[in-house]
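Spelled out, the chains give:
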Amino acid sequence: MKGNSAILSALNEVLTTELTSINQFFLHARMYKNWGLSALNDKCYKKSIKDMKQADVLIERILFLEGLPNLQRLGALSIGEETQEMLGCDAKFQTAQISQMKPIIALCEQEKDFVTRQILVDILEYEEEHLDWLETQDYQIANMGIEKYLQAQL
Amino acid sequence: MYVCLCKGITDKDIKEAVRAQGVGSLRELKQLMPLGSQCGTCTKVAQKIIDDTIIDDTMFKDVG
C-alpha cells in the first residue's frame, strides 16, 4: 500500500530518534551496571529493548507503506558522566522526542493515516511515561539527597 | 556529559581548555585534543560549549 511521502519521511525521523534512543539507554544501563546500580540498570535496559521493539514496528510500517526505512542514520547521543547528569541527559532526550512526535501525529491525522497515527500515539504514551519516571527520580534526588538515592538503586 | 564519544572528551574538558588555554574556536580546540576527528557528530555541540563558556566568563567581565 502506497503511503504519503511526507508521512514516510516523518516516520524515518521518528525511526532515527528510536535508533539513537536504543544506544543512549543501552550505554547508560551498562554504565549503571558497572557502578552496581542494578535498579537503574534494569530500568534503562528495559527502555532500550522497548525502543528496539518500537523501531521494529516503525520499520515494518515504513516497508508496508512502500518506503525505505533508514537504519543508517543515527542522531547524537547525550551520555552523562554520573547518575544525576545521565538522568538529566535522558530527560532532555525524552523531551526532544516528545516534541518531535506531536506534529507528526497531527500530520497523520490530517492525512487520515489513522493506523500510523495509532502506532505513534502508542510510542508517545510510553515516552511520556518514561519522562515522568525521570522526573520522579529528579524529585527523589532533590528530596532525599543523591547519596540516599544511589543507595536505593543498589 | 560526554561531547565526543569517539575520543571520550567531556564538556568539562572543553570548558577547561577555553578557560585555561584561551581556546576561542573549534580549530584551536582541535589542536589540543582529537575532538571530532572520527565521526564529526560532536562539532556542533562543541562549538556551542566554546561560545557559551566565552560568553559566561569574559564578555561582560570588564564592562563598566
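Structure shown above.
No experiment lies behind these values; they were computed from the predicted model shown.

Chemist: Describe the overall build of chain A, listing the residues and the values that go with them.
Modeler: Each helix and strand in chain A was counted, giving five helices and zero strands. Put simply, chain A runs from its N terminus to its C terminus through helices and strands in the order α-α-α-α-α. In terms of principal-axis extent, the alpha carbons of chain A reach across some 55 × 25 × 20 Å. Within chain A, contacts between residues separated by at least 24 positions form 80% of all contacts whose residues are at least 6 apart in sequence. Looking at chain A as shown, the accessible area adds up to about 7,900 Å², and 55% of this sits on carbon and sulfur atoms.

Chemist: Explain the side chain of glutamine 97 of chain A residue by residue, including any values.
Modeler: Residues and elements named next belong to chain A. Note that glutamine 97 resides in helix 3 (residues 83–110). Given a relative accessible area of 1%, glutamine 97 falls into the buried group. Other than its neighbours up to four places away in sequence, glutamine 97 contacts Thr17, Glu18, Ile123 and Glu127.

Each value, and the rule that gives it
- Residues numbered from 1 in each chain as written.
- Chains lettered and ligands numbered in written order.
- Predicted model: local features only at pLDDT ≥ 70, side-chain atom pairs only at ≥ 80, totals over all residues.
- Heavy atoms only, no water.
- Helix = DSSP H or I, 4+ residues; strand = E, 2+ residues; numbered from the N terminus.
- Contact = heavy atoms within 4.5 Å.
- Areas by Shrake-Rupley, 256 points an atom, 1.4 Å probe, with all protein chains shown as cover.
- Buried < 20%, exposed > 50% of the residue type's maximum accessible area, 1.4 Å probe, protein only.

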